[in-house]
Amino acid sequence: MGNTTTKKKKKVTVSDFNDNTKRWCKEDVLQLAHHFHCFNKKTAQYDRAIRFEMVDIVGFNDIRKEIESIKIYLAVEKKDKNKITFCPYLQVNDSEDMVFELSPVSEEEPRYGDSPVPKIFKDMVWKNWYESEMNQIDDLFHCWGKKYESDPESIVRVEYFEFDDIAKIIKNSEKDIEAITLYPGIDMNKFGMRDMISFTPVLGIRPLLSENTIHLKGILESNNGETYAEYSSPCPPTCVK
């Protein structure tokens with residue numbers, strides 16, 4: 001992780017962002033789980049995505065002082081069993097010119113246990129994600145609600161999550177950010193609830209942000225140089241237009 005700040009990835013195009021976020025919205029519900037898995041030829045089994053990291057951290061730091069809001073958009077590429085095709089985007093200030101892809105990281109074992117992941121985070125969300133059955137994943141992104149005010153209530157699919165609390169902290173940090181990691185998770189308190197999204201993405205920010213941030217709303221915990229932030233709201237259902 002130490003050399004992350006030296007890496008820069010080609011800027012996300014407006015076309016890729018629009019195409020992949022729209023594909024997420026239109027994908028068949030029974031196919032969603034497949035985008036989080038890839039076939040491991042060594043084990044002849046499917047591996048699950050457990051974290052995604054921003055590669056263009058240089059570009060992110062270039063606009064860091066302009067940050068007013070952060071959203072994580074869910075997106076998928078065309079399905080390919082040989083690679084993870086879930087490709088979330090971090091968008092700053094609702095701008096098409098400030099979009100950063102979060103790429104899957106390949107590793108054979110999850111980092112909880114004797115790893116840097118703190119206990120509260122491990123117990124709340126990440127362990128639930130890693131150990132859930134594949135057929136449960138499809139349901140995590142849906143709940144009963146509306147996308148538009150004029151719509152009748154129905155099953156809606158979440159499209160993005162807001163992270164405005166951590167956005168302000170990142171903007172005001174005295175140091176540049178070295179790494180941003182997205183960890184998929186499941187909040188079992190919301191699992192099966194009719195009007196709530198149980199998929200729970202968490203952002204890991206390095207280096208460790210101010211110790212004063214760890215008790216703020218939306219901040220889970222800080223551990224081994226990384227601060228963990230939960231989203232403030234999923235849209236839909238919380239952003240009826």
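Residues numbered from 1 in each chain as written. Predicted model: local features only at pLDDT ≥ 70, side-chain atom pairs only at ≥ 80, totals over all residues. Heavy atoms only, no water.

1. So, helix α1 (residues 14-26)
Over its 13 residues, α1 runs 18 Å from end to end, which matches the ideal 18 Å to within 8%, given 1.5 Å per residue. If you check which residues of α1 are buried, you get Phe-17, Asn-20, Thr-21 and Trp-24. One side of α1 holds all its buried residues, which, seen down the axis, span an arc of 95 degrees. Projecting away from the buried face of α1 at angles above 90 degrees are the exposed residues Lys-22 and Lys-26. In this structure, the buried side of α1 is in contact with β4 (70-73), β5 (89-92), β6 (99-104) and β8 (154-157). (Helix = DSSP H or I, 4+ residues; strand = E, 2+ residues; numbered from the N terminus. Expected span 1.5 Å × (residues − 1). Buried < 20%, exposed > 50% of the residue type's maximum accessible area, 1.4 Å probe, protein only. Arc of directions from axis to C-beta. Contact = heavy atoms within 4.5 Å.)

2. Let's talk about the pairing of strand β2 (residues 45-48)
Pairing analysis gives four bridges linking strand β1 (residues 37-40) to β2, with the strands arranged antiparallel. By the bridge assignment for β2, His-37 is matched with Arg-48. (Pairing = 2+ DSSP bridges.)

3. Describing the pattern of salt bridges
As enumerated under the stated definition, the model contains nine salt bridges in all. As a salt-bridge pair, Arg-51 and Glu-53 come within 2.2 Å of each other at their nearest N and O atoms. The exposure classification of Arg-51 matches that of Glu-53, with both residues buried. For Glu-159, the salt bridge is made with Lys-147, and the minimal N-O distance between the two is 2.8 Å. Residue Glu-159 is located in the loop between β8 and β9 (160-162), and its partner Lys-147 is located in the loop between β7 (142-145) and β8; the two are separated by twelve residues in the primary sequence. Given a relative accessible area of 15%, Glu-159 falls into the buried group. Among the residues examined, Lys-147 registers a relative accessible area of 26% and is labelled partly exposed. (Salt bridge = Lys/Arg side-chain N within 4 Å of Asp/Glu carboxyl O.)

4. Looking at the confidence of the model for the chain
This prediction gives the chain a mean pLDDT of 84; 81% of its residues lie at or above 70. Model confidence for the chain, summarised as mean pLDDT per element, is weakest for strand β12 (residues 219-223) at 62 and strongest for β5 at 98. Every residue in residues 1-6 is under pLDDT 50, and counting partners more than four places away or in other chains gives 15 contacts. With pLDDT under 50 throughout, residues 109-114 is counted as low confidence; its partners more than four residues away or in other chains account for 18 contacts. (pLDDT = per-residue confidence, 0-100.)

5. Overview of the packing of aromatic side chains
This model, assessed by the stated rule, comprises 16 aromatic pairs. Between the aromatic rings of Phe-52 and Phe-86, the centroid separation amounts to 5.4 Å while the plane-to-plane angle is 75 degrees, which identifies the pairing as edge-to-face. In this pair, Phe-52 is assigned in strand β3 (residues 52-54) and Phe-86 in the loop between β4 and β5, connecting sequence segments 34 residues apart. Residue classification places Phe-52 among the buried positions, given a relative accessible area of 0%. Grouping aromatic residues by their ring pairs yields a cluster made of Trp-24, Phe-36, Phe-52, Phe-86, Trp-129, Phe-141, Phe-161, Phe-199 and Tyr-231. Positioned over the ring face of Trp-129 is Arg-48, at 5.9 Å from the centre of the ring. Taking NZ or CZ as reference, Lys-81 lies 5.5 Å from the ring centre of Phe-39, over its face. (Phe/Tyr/Trp six-rings, centres within 6.5 Å; stacked < 30°, edge-to-face > 60°. Lys NZ or Arg CZ within 6 Å of the ring centre and 35° of its normal.)

6. So, the layout of surface pockets
Here the second largest pocket defines a volume of roughly 220 Å³. Contributing to the lining of the second largest pocket are 15 residues, with Thr-21, Cys-25, Tyr-73, Lys-147 and Glu-159 lying nearest its centre. Of all the elements, α1 adds the most residues to the lining of the second largest pocket, at six residues. Looking at the lining of the second largest pocket, its residues break down into nine nonpolar, two polar and four charged. (1 Å grid on protein atoms, 1.4 Å probe; cavity = no way out; pocket = protein on both sides within 12 Å on 5 of 7 lines; lining within 4 Å. Points joined across faces, edges and corners; volume = space filled by probe spheres on them. Nonpolar A, V, L, I, M, F, W, Y, C, P; charged D, E, K, R; others polar.)

7. A closer look at the pairing of strand β13 (residues 226-230)
The element β13 is largely enclosed, with a buried count of five among its five residues. For strand β11 (residues 202-206) and β13, the ladder comprises four bridges, and the chain directions are antiparallel. Residue pairing in the sheet places Leu-203 in a bridge with Ala-229 of β13.

8. Some remarks on the nonpolar core
By size, the foremost hydrophobic cluster in this structure holds 52 residues, and its most contacted members are Phe-60, Leu-74, Leu-90, Phe-141 and Ile-180. Examining the composition of this core, we find that four residues originate from one element, helix α5 (residues 164-172), more than from any other. Excluding anything up to four places from it in sequence, Ile-180 contacts Phe-52, Glu-53, Met-54, Ile-57, Phe-60, Leu-90, Leu-102, Leu-203, Gly-204 and Ile-205. By size, the runner-up hydrophobic cluster in this structure holds ten residues, among which are Val-12, Tyr-89, Tyr-160 and Cys-239. (Core = buried A, V, L, I, M, F, W, Y, C linked by side-chain atoms within 4.5 Å.)

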